[in-house]
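Analysis of the macromolecular model
What follows is each chain in one-letter form.
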Amino acid sequence: MTRRIVIGTAAISMAVSLAACGKAGDDAESGSGGDSKTIGLLLPENKTTRYETFDRPIMEAKIKELCDDCEVKYNNAAQDTETQKKQFDALVTQGVKVIILDSVDYKATKSWVQQAEKKGVKVVAYDRLAEGPISAYVSYDNEKIGRLQGEGLVKALGAKAKESNVVMINGSPTDPNAPLFKKGAHSVLDTQVKKVVYEQDIPDWSSDEANKKMGAAIDSLGKSGFQGVYSANDGMAGGIITALAKQGVKVPVGGQDAELAGLQRILKGDQSFTIYKQIKPEAETTAEVAVRLLKGEKIDDLTPVKVDSLTGEFKGIPAKLYDAQVVTKENIASTIIADKVYKATEICTAEYKAACEAAGIK
């Protein structure tokens, strides 16, 4: 994640001010036509800190910058598919013509997007590729991210990688990115470690469930039955590391998202690495795509590649896929702090002050 994020007071205040629906939305709800000044924004969950802290305020600020009389109707589904369907349907009913959708369950969205298309609604898939006739998709090269995770774990295992058994704790089956992370990681681990000896997918990216599965893995394999753990994200890595510590096991554990707690665990030596993704470019590009679609303008220069849906049913979706990078103790200062994702003072609280000093972070 090369997230060059600077969120000013204007962006933060907009998280509140843009929730209101303008007159155009009111007119649309009463059946007098489409809403040409409102963009819907639907995010999937609030367990992962990035969505409310970064994605939402960045997109809202960029939309306002590009279209000062546009408004954003925002909702978070709190990891519930039926809730998100109701939120999506409400936007369509109100006459909103562009919806940014980060889906809870990508398979469930097909009929929603098809019905929206019939009513002239453009749907921009954000971060996760929803099923259906999507107008554009902005995310990362998620299989490549999985490869980076696999490579990060192999590097953390060092010279013993070839003789090491690995536990894999994968992401949510309803998230279309999770199988891509898994595929990418497997492409590295299957050839560069001894064996993946235990593997589980974790519904809703639950840290508590990851903790339980890690405990079950230790019970099944024994404390010395594995030498490393792949975790699909930082939130689950926290639960995994807690389970390992409870049993007195210390092995390399990777993650993803460069969450604050994950970065602190890296500095402390409990977590080996995370994956740092470009949230600001991703969010701002999505906002610009949405505004252009609202205005009926072309988006070709913003979406230079074409992708197919995971089922293969919907082909040639215009897309922009960003890269990511591995972050370890050695480069937190030159990436996360240099890019103003977090300040040194936010990372280096009293508990982590010594670890920060040892890593050259001041």
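Residues numbered from 1 in each chain as written. Predicted model: local features only at pLDDT ≥ 70, side-chain atom pairs only at ≥ 80, totals over all residues. Heavy atoms only, no water.

1. Looking at helix H8 (residues 207–221)
The end-to-end C-alpha distance of H8 is 21 Å, a good match for the 21 Å that 15 residues give at a rise of 1.5 Å each. Among all positions of H8, only Ala 210, Met 214, Gly 215, Ala 217 and Ile 218 are buried. Taken end-on, H8 shows its buried residues confined to a sector of 155°, consistent with a single buried face. Away from its buried face, by an angle of more than 90 degrees, H8 presents the exposed residues Asp 208, Lys 212, Asp 219 and Ser 220. Here the buried face of H8 lies against strand S6 (165–170), strand S7 (195–201), strand S8 (228–231) and helix H9 (234–246). Where H8 begins, one side-chain oxygen reaches toward the backbone nitrogen of Asp 208, 3.3 Å away; that side chain belongs to Ser 206. Looking one or two residues past H8, Gly 222 carries a phi angle of roughly 85°, positive in sign. (Helix = DSSP H or I, 4+ residues; strand = E, 2+ residues; numbered from the N terminus. Expected span 1.5 Å × (residues − 1). Buried < 20%, exposed > 50% of the residue type's maximum accessible area, 1.4 Å probe, protein only. Arc of directions from axis to C-beta. Contact = heavy atoms within 4.5 Å. Polar contact = N/O pair within 3.5 Å; in protein donor to acceptor, adjacent residues only side chain to side chain.)

2. Side note on the side chain of Thr 274
When you line up the elements, Thr 274 lands in strand S9 (residues 274–277). The buried category is assigned to Thr 274, whose relative accessible area is 0%. For Thr 274, the side chain forms a polar contact with the main-chain nitrogen of Asp 257, separated by 3.4 Å. With near-sequence residues (within four places) excluded, Thr 274 lies in contact with Asp 234, Gly 255, Gln 256, Asp 257, Ala 258, Leu 263, Ile 266, Gln 325, Val 326 and Val 327.

3. Observations concerning the pattern of salt bridges
What the rule picks out here adds up to 20 salt bridges. Its salt-bridge partner being Lys 85, residue Asp 89 comes within 2.7 Å of it at the nearest N-O pair. Here Asp 89 pairs with Lys 85, and both are found in helix H4 (residues 81–93), just four residues apart, close to one helical turn. Residue Asp 89 is classed as partly exposed on the basis of its relative accessible area, which comes to 29%. (Salt bridge = Lys/Arg side-chain N within 4 Å of Asp/Glu carboxyl O.)

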